[in-house]
Amino acid sequence: MRARSIRGMGTLATAAALATVASACSAPGEGESGGAATSAVVGIAYEPETLSPLLGFGKDGNSKIFDGLLTHDADLKLKPALAAALPRVSDDGRTYTYALRKGVKFSDGEPFTADDVVFTYETILDEKTNNPSKGELDAIESVEAKGADTVVFRLKYPYAPFAERTVLPIAPEHLAGGQDVNTGSFGTKPVGTGPYRLAKWSKGEQLVLEANSGYWGGLPKIERFTMAIIKDDDVRATRLRSGDLDGAILPPNLAKAFQGSGQKTYAAKSFDYRTVTLPTGNKVTGNTAVRRALDIAVDRKAMVDGILEGAGKVAHGPVPTDSEWFTEGTERTYDPKKARTILDAAGWKPGKDGIRVKDGVRASFPLWYVSGDKLRQDHALAYASDAKKIGVEVEVQAGTWEVIEPRMPKDAVLAGGGSPADPDFDQYPLLRSDLAGDGFNNMGRYDNATVDRALKNGRESDDPAQRKAAYDTVQRELVKNPGYTFLTHIDHLYVVDDRFGELSTQVEPHDHGLAAGPWWNVEDWRP
Amino acid sequence: MARLAGRRALFAVPVLGIVTFGVFAIAAASPFDPVKAYAGTAGLSASQETLDQLRANLGADEPLVTRWWNWLTSAVQGDLGDSSALRQPVADVIAERVGWSVLLASAAFLVAVLLGGVLGVLAARRPGGWTDRAVTSLAYTLEAAPPFWLGLLVMWFFALKLGVLPAGGLTDTGSTVVTAGQVARHLVLPASVLALSQLPWFVLYVRQGVGDALQEDPVRGARARGLAERTVLLGHALRSGMLPVLTLVGSRVPELITGALLVETVFSWPGIAAATVEAATSVDFPLLAALTVLATIAVLVGNLLADLLYGLADPRVGFDG
């Protein structure tokens, strides 16, 4: 090959490039999304690693492609899905019996049976299965099929909120059974009984769902539901504005710009709290007077207004103030003056630099947040500035979880969490003393015998009044001895095109699943 | 020519061995924990027992050398292992994505080289003239503009203001079929941004190379003989001025890959870049090693190509040097 032929190649390449550009410019606007209201395209910030329920996908229910035995309605009340009715619970609270809905088929046409349920639960509990959420099913002793349409769970201990765990999606044994559960193709080509089936998953770009024509709950009106995966907030807002998307999740400052422009903004209430752990292993944060002082020295209202731009609520504990589980009278009023009095009375006297000292211990401790999380950073800085006003020094530091974890026994952490389904899900691992430092459970090493007892009563009793009383006790104890300073509950904001009509949102957990947001019930949309 | 290629291929073997070991060593030394990364938010509520079990299942407790050797031996036999970050075989991850990255990168590269060549020659023709000044300052401005910002800017202008081009994705959002027309239309913005981010180097090098060549004796002689300016410029100056650019072409490959990473993120382009970041931050050894091998091969091939082109463009340069 000589120089001449290289030049020839160059010409060819130019021509090819020009042709590409020309064809690219020729058809603007063609195939635009929107128009017919039988399809919807939304932008989401998060992409699941896998769509296999065996590895944790959709464990909190509402996975669109799959159904669980039970599911939640708009108010998060349990209702039957693959089960024909709510479970029968034995008197000792340790046996749950589910009768299954008849005539349900997976979207490949195969019938759904009790064996699929047993397969799903047993596979998740298998120790070779890499499902990081398997601990949530700890209570299960055994699961067995009685005939084709009855499933019986036996529990190791009475566990009142167990039915909430059975929203877990059911995988078909005939497809998922014959392959490696951790890396098999079922994770990218899932088949379930849900209202939609997966039409296409282009990783990093989009997930397209198509209505499942054989869905037992009736054919959805929205025939095609696309989730575009757009990690960057600004890009998501731009594509929403360009008409490329019909809806998207947005942070408060970007959502604000969409007010009154043919789109509606929905603020989904959540159990998603931000809290500061006050580890018992630290001489300052372990001191009850300091904890109580900090609890009333933080200006939660200012955080909601300033950091969340109003999209959230003040948090007085793990339970949001508008939840039925919230205990009236446990609200903390912002009162730095009283906080100072508490510290004075406990012997924390201001030192030369204004920071209090008691028995040679300076009222100073580090507070860590995960680097890169702007919201947590803002909360941490606001917390430190409020603490400073009562003479407590908080040194805010950023790090990855790998850096933070070994320091958790002694250093404070700006943590997040929250699960709306049942108070047990959150509070038991957060506050039980025997779970202190077990993985990320009870990060603050909180140790309170009254709380321990109440948490046990709360999970074992199936009497709603008794359960309410138990969680009331927990919340009242948290006023007397707060092991955490709860700051805010955060609303999740979504902007959606008007043409879908008035939509609703569910109360959302800390995690953003695929089916959070106004599209939690996209199969029921009637535009 | 074949000997040069063969020698390079032979040389690539130890290079790839060392590079993959380096990747394993760096990943092992990094503060990231593969188990935490695997568990994600679920890990924040998992008990120690679950985390320990995961660690054993993922083989994350084995020593570095063992892990590397196991990966290497099975990779040589064609089994690239399973990606823990994406819960599927590494071969599948790469097969799904690499084509789109190659398409994006080569389209951008082509545009950058062609446009850079044209602008460079225009600028070199009259150094200090207004074309030269305009082109040079454009090049410096682009050099300073981050591709991420550039991406948002063109998206705002072409998708939002003019509404002529799609703002992102590989196909129309909502479409399940991938057609050539759709891909071409969606390729324009990301490829242009990537090309623009690569452009300054080519422009400046061609300008310098051609400018220098114009001062050389053969060109001056050609001019003195009264040859047309076009012949002098393209036939003489460009040909010798292109030589340094060819070397540059090869050495730009790594930067093209890192540039693609940002561009793919902005435009939700389903390429390999996002997987690379994911693999690195979740200490996903098999995926990370396979991707590193790919990138290393790209760089080696880029260099080989540059050398071959060099030899072809100027026969005085041998292939055995």
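Here the structure is shown first, and the text comes after it.
Residues numbered from 1 in each chain as written. Chains lettered and ligands numbered in written order. Predicted model: local features only at pLDDT ≥ 70, side-chain atom pairs only at ≥ 80, totals over all residues. Heavy atoms only, no water.

Student: Got a sec to walk through the overall build of chain B? Specific residues and values, please.
Tutor: A tally of helices and strands in chain B yields 13 helices and two strands. Its C-alpha atoms give chain B principal-axis dimensions of about 85 × 55 × 35 Å. With 321 residues in all, chain B has 47% of them scored as buried. Across chain B, every contact between residues at least 6 apart in sequence was considered, and the portion connecting residues at least 24 apart equals 72%. Accessible area of chain B: about 14,700 Å², with a carbon and sulfur share of 68%. (Helix = DSSP H or I, 4+ residues; strand = E, 2+ residues; numbered from the N terminus. Buried < 20%, exposed > 50% of the residue type's maximum accessible area, 1.4 Å probe, protein only. Contact = heavy atoms within 4.5 Å. Areas by Shrake-Rupley, 256 points an atom, 1.4 Å probe, with all protein chains shown as cover.)

Student: Quick one: what's the story with empty space enclosed by the protein, residue by residue and with numbers?
Tutor: Where empty space is left in the structure can be found by rolling a water-sized probe over the atoms. Residues and elements named next belong to chain A. Taken as a whole and judged by the stated rule, the model has two cavities of 30 Å³ or more. A volume near 60 Å³ is recorded for the largest cavity. Forming the boundary of the largest cavity are 14 residues, of which S52, Q179, V181, F186 and G187 lie nearest the centre. Here the residues of the lining of the largest cavity are counted per class, giving five nonpolar, seven polar and two charged. Roughly 30 Å³ of volume is contained in the second largest cavity. Contributing to the lining of the second largest cavity are F57, S63, K64, I65, L207, L209, M227 and L514. (1 Å grid on protein atoms, 1.4 Å probe; cavity = no way out; pocket = protein on both sides within 12 Å on 5 of 7 lines; lining within 4 Å. Points joined across faces, edges and corners; volume = space filled by probe spheres on them. Nonpolar A, V, L, I, M, F, W, Y, C, P; charged D, E, K, R; others polar.)

Student: Account for the sheet that holds strand β4 (residues 88-89) of chain A, with residues named and values stated.
Tutor: All names here are of chain A. Overall, antiparallel pairing links the four strands, which are arranged β4-β5-β7-β6 in an open sheet. Every other strand in the sheet has two partners, leaving β4 and β6 (140-145) as the edge strands with one partner each. Lying over the sheet, helix α2 (residues 114-125) contacts β6 and β7 (150-155), oriented at roughly 155° with respect to β6. (Pairing = 2+ DSSP bridges. Axes fitted to C-alpha atoms, helices over the stretch in contact; angles between N-to-C directions.)

Student: So what's going on with the packing of aromatic side chains? Residues and values would help.
Tutor: All names here are of chain A. Scanning the model with the defined rule gives 23 aromatic pairs over all chains in all. Ring centres of Y157 and Y159 lie 6.0 Å apart, and the angle between their planes is 75°; this geometry places the pair in the edge-to-face category. Residue class for Y157 comes out partly exposed when judged on its relative accessible area of 26%. A residue is classified by how much of its surface remains accessible, and Y159, at 5% relative accessible area, is buried. (Phe/Tyr/Trp six-rings, centres within 6.5 Å; stacked < 30°, edge-to-face > 60°.)

Student: Give me the sheet that holds strand β19 (residues 393-399) of chain A: which residues, what numbers.
Tutor: Residue and element names in this part refer to chain A. Here six strands make up an open sheet; going across it, the order is β14-β21-β13-β20-β18-β19 and the pairing mixed. Pairing within the sheet leaves two strands with one partner each, and these edge strands are β14 (312-314) and β19. Direction aside, neighbouring strands of the sheet carry axes that sit 25° apart on average. Of the strand pairs in this sheet, β14 and strand β21 (residues 484-490) are connected by three bridges, and their pairing is antiparallel. Within the sheet, the bridge partner assigned to G312 lies in β21 and is I490.

Student: Before we move on, could you go through a nonpolar patch on the surface and cite the residues and values that matter?
Tutor: Residues and elements named next belong to chain B. On the surface, a cluster of nonpolar side chains totalling about 570 Å² of accessible area is made up of W149, L153, W156, F157, L162 and V164. Examined against the element boundaries, W149 turns out to sit in helix α7 (residues 147-161). Owing to a relative accessible area of 46%, W149 belongs among the partly exposed residues under this scheme. (Patch = residues over 30% accessible without salt bridge, like charges linked within 9 Å, V, L, I, M, F, W, Y side chains within 5 Å. Salt bridge = Lys/Arg side-chain N within 4 Å of Asp/Glu carboxyl O.)

Student: Lay out the pairing of strand β1 (residues 39-44) of chain A with the relevant residues and their values.
Tutor: All names here are of chain A. Counting buried positions along β1 yields five of six residues, so the element is predominantly enclosed. Judged from the six bridges that link them, β1 and strand β10 (residues 224-229) form a sheet pairing that is parallel. Bridge pairing in β10 links S39 to R224. With two bridges joining them, β1 and strand β11 (residues 247-250) adopt parallel strand pairing. Across the sheet, the residue bridging to V42 is G247, located in β11.

Student: Account for the interface of chain B and chain A, naming residues and giving values.
Tutor: One frequently used descriptor of interface size is the decrease in accessible area upon assembly of the parts. Taken together, the contact between chain B and chain A spans 60 residues of the former and 64 residues of the latter. Summing both sides of the interface, chain B and chain A together bury roughly 5,100 Å²; the carbon and sulfur share of this comes to 57%. It is L44, R87 and T173 of chain B that lose the most area in chain B upon contact with chain A, and together they represent 14% of the buried surface on that side. At the junction of chain B and chain A, the tally comes to one salt bridge. Ionic pairing is found between K36 of chain B and E405 of chain A, a salt bridge with its closest N-O pair at 2.5 Å. For the pair chain B and chain A, the number of links is 14 residue pairs in polar contact (both at pLDDT 80 or more). Counting only elements with at least two residues in the side of chain B that touches chain A, the list comes to α2 (34-39), α3 (48-58), β2 (88-89), α5 (90-125), α7, α8 (180-215) and α13 (285-313) of chain B. Considering each element in turn, the side of chain B that touches chain A owes the most residues, eight residues, to α3 of chain B. Grouping the amino acids of the side of chain B that touches chain A by side-chain chemistry returns 32 nonpolar, 17 polar and 11 charged. (Buried area = accessible area lost by both parts, 1.4 Å probe. Polar contact = N/O pair within 3.5 Å; in protein donor to acceptor, adjacent residues only side chain to side chain.)

Student: Lay out unusual backbone geometry in plain terms, naming residues and giving numbers.
Tutor: Residue and element names in this part refer to chain A. Phi is positive for K64, which is not a glycine, with a value near 70°. Secondary-structure assignment places K64 in the loop between β1 and β2 (70-72). Its relative accessible area of 4% is what places K64 among the buried residues.

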